[in-house]
Amino acid sequence: FQNLEGVAADPLGNVFVADTDAHVVRRISPSGVVRTVAGNGRAGLSGDGGQGPLASLNLPYGLAADLAGNLYIADLGNARIRKLSPDGIITTIAGHTADTRLAAPRNVAVDAAGAVYISDFGGHRIYKLTGAVMTPIAGNGRQGVSDENLPALTSVVNSPAGIAVDLQGNVYFGET
């Protein structure tokens, strides 16, 4: 391991870690076996539709696992969100089209219904991704500090980093 950033656990007890500087995501099984599941160790953008370990990532950062066994990766250096399916296939699900453009996605969270929440550190926004539809839910895209009790979409968000969603659908995020 070189520089660990994101950590997530799946329903089977596997722990995933984003080894950011090594450009890989590793899985630690409940028995302690470590295996690379995404990233070939070279910074880049490739491999969508293929096996995760053959793909190139660029500074993978935040991770989240859903109840179906999918792993979501904030591929910070590529400004994309990647999804690793339980069968090991990696795809880009956000950041690759005009409708899902991201500046610097730092972390991800997923709710029980499968919606993915993204903290866009460089874009100063929080997004909700449902299927292929990405919707801003907090921040107006400007960096700064807002007054309290403003509507989420009109508030100023300053470089959001960590993100979590609870069972009631409330979204929590930290600003740097």
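That block above? That's the structure.
We now turn to the structure provided with this report.

Calculation criteria
- Residues numbered from 1 in each chain as written.
- Predicted model: local features only at pLDDT ≥ 70, side-chain atom pairs only at ≥ 80, totals over all residues.
- Heavy atoms only, no water.
- Pairing = 2+ DSSP bridges.
- Helix = DSSP H or I, 4+ residues; strand = E, 2+ residues; numbered from the N terminus.
- Axes fitted to C-alpha atoms, helices over the stretch in contact; angles between N-to-C directions.
- Polar contact = N/O pair within 3.5 Å; in protein donor to acceptor, adjacent residues only side chain to side chain.
- Contact = heavy atoms within 4.5 Å.

A few words now on the sheet that holds strand β6 (residues 71–75). In space, the four strands of this open sheet follow the order β5-β6-β7-β8, with antiparallel pairing throughout. Because the sheet does not close on itself, it has two edges, and the strands there are β5 (60–65) and β8 (90–94). Direction aside, neighbouring strands of the sheet carry axes that sit 30° apart on average. Two strands pair when backbone bridges link them, and β5 and β6 are joined in this way by four bridges, in the antiparallel orientation. Directly across from A65, in β6, lies its bridge partner L71.

With respect to the helices and strands, the residue S56 is situated in the loop between β4 (34–38) and β5. Of note is the side chain of S56, whose polar atom sits 3.2 Å from the side chain of N40. With sequence-adjacent residues up to four places away left out, S56 is seen in contact with N40, R42, G44, L45, S46, D75, N78 and R82.

Before going further, it helps to examine the sheet that holds strand β10 (residues 116–120). Adjacent strands of a sheet form backbone hydrogen bonds with each other and so pair up, either parallel or antiparallel. Pairing is antiparallel in the open sheet, where four strands are placed in the order β9-β10-β11-β12. At either margin of the open sheet sits one strand with a lone partner, and together these are β9 (105–110) and β12 (133–138). Averaged over all neighbouring strand pairs, the angle between strand axes comes to 25°, with direction disregarded. Pairing geometry for strand β11 (residues 125–130) and β12, over five bridges, is antiparallel. The residue of β12 that forms the bridge with Y127 is P136.

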